[in-house]
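Fold and geometry: a report
Residues per chain are reported as follows:
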Amino acid sequence: MARVMAMVCVSDRERARGFYAHVLGPVFGIGAPAIDHFGDQFPCGDGFIRLTALPDWTASQYPVLGFQVDDAGAAVAGLVAAGVAMLIYPGFDQDDQGIWNSPDGGARIAWFNDSEGNLLSLTQQRRAP
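As a starting point, this report considers the structure included with it. (Residues numbered from 1 in each chain as written. Predicted model: local features only at pLDDT ≥ 70, side-chain atom pairs only at ≥ 80, totals over all residues. Heavy atoms only, no water.)

**Remarks on helix α1 (residues 13-28)**
So the rule is basically this: Only DSSP runs of H or I covering at least 4 residues are called helices, and only runs of E covering at least 2 are called strands; the numbering of each starts at the N terminus. One less than the number of residues in a helix, times 1.5 Å, gives the span that helix is expected to have. Given a residue, its bend is the angle between the two axes fitted to the seven residues that end at it and to the seven that start from it. Each residue's exposure class comes from its accessible area (1.4 Å probe, protein chains only) as a fraction of the maximum for that residue type: buried when under 20%, exposed when over 50%, partly exposed otherwise. Polar contact is defined as a pair of N or O atoms within 3.5 Å, subject to the rule that within protein one atom must be able to donate a hydrogen and the other to accept it, and that residues adjacent in sequence are counted only when both atoms are side-chain atoms.
Between its first and last C-alpha atoms α1 spans 20 Å; for 16 residues at 1.5 Å apiece the expected length is 22 Å, and the helix comes up short by more than 12%. Considering bend angle alone, the principal kink of α1 is centred on Y20 and spans about 25°. For α1, the complete set of buried residues consists of R13, A16, R17, F19, Y20, V23, L24, G25 and F28. At the N-terminal boundary of α1, the capping side chain belongs to D12, with an oxygen 3.3 Å from the backbone nitrogen of E14. Within two residues after α1, G29 carries a phi angle of roughly 70°, on the positive side.

**Observations regarding the sheet that holds strand β2 (residues 34-35)**
For clarity, the threshold we go by: Any two strands are treated as partners once DSSP identifies two or more bridges connecting them. Here, residues are in contact when the closest pair of their heavy atoms is within 4.5 Å. Interaxial angles span 0 to 180 degrees and are taken between N-to-C directions of axes, which are lines fitted to C-alpha atoms, for helices over the stretch in contact.
Taken together, four strands build an open sheet; the order of strands is β1-β4-β3-β2 and the sheet is mixed. Here the strands that pair on one side only, and so sit at the sheet edges, are β1 (5-10) and β2. The strands touched by α1 are β1, β2, β3 (39-44) and β4 (47-53); relative to β3, the strand with the most contacts, the crossing angle is about 5°.

Function-wise, these values are silent; they only describe arrangement.
In structure tokens, the structure reads:
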């Protein structure tokens, strides 16, 4: 059996480790990291998030990591309480929390940056009636 490991590049390993452990950890159930000479590996769900430090790393404008949640509103509230700003995209018609509701009603999605500028998202999939 294989488990998924998301690889996230960061420019400041200490700062990123703190953000993933203390800001994202309580909201998304991310566990304490295993730390080695090359990166930090956090257990998350049935997989892992591996932070790898690259000193000249520059984040891109595209999402690198997403979290599936049961309640988008509660997850956003937890992030905002920890000081994370939700990203607002012109024309997306996001609600007051920064959550976009898909036109078919199947998903609620919000976007935010980690401490290194990587674009992250959270998604609540609505169950079919």
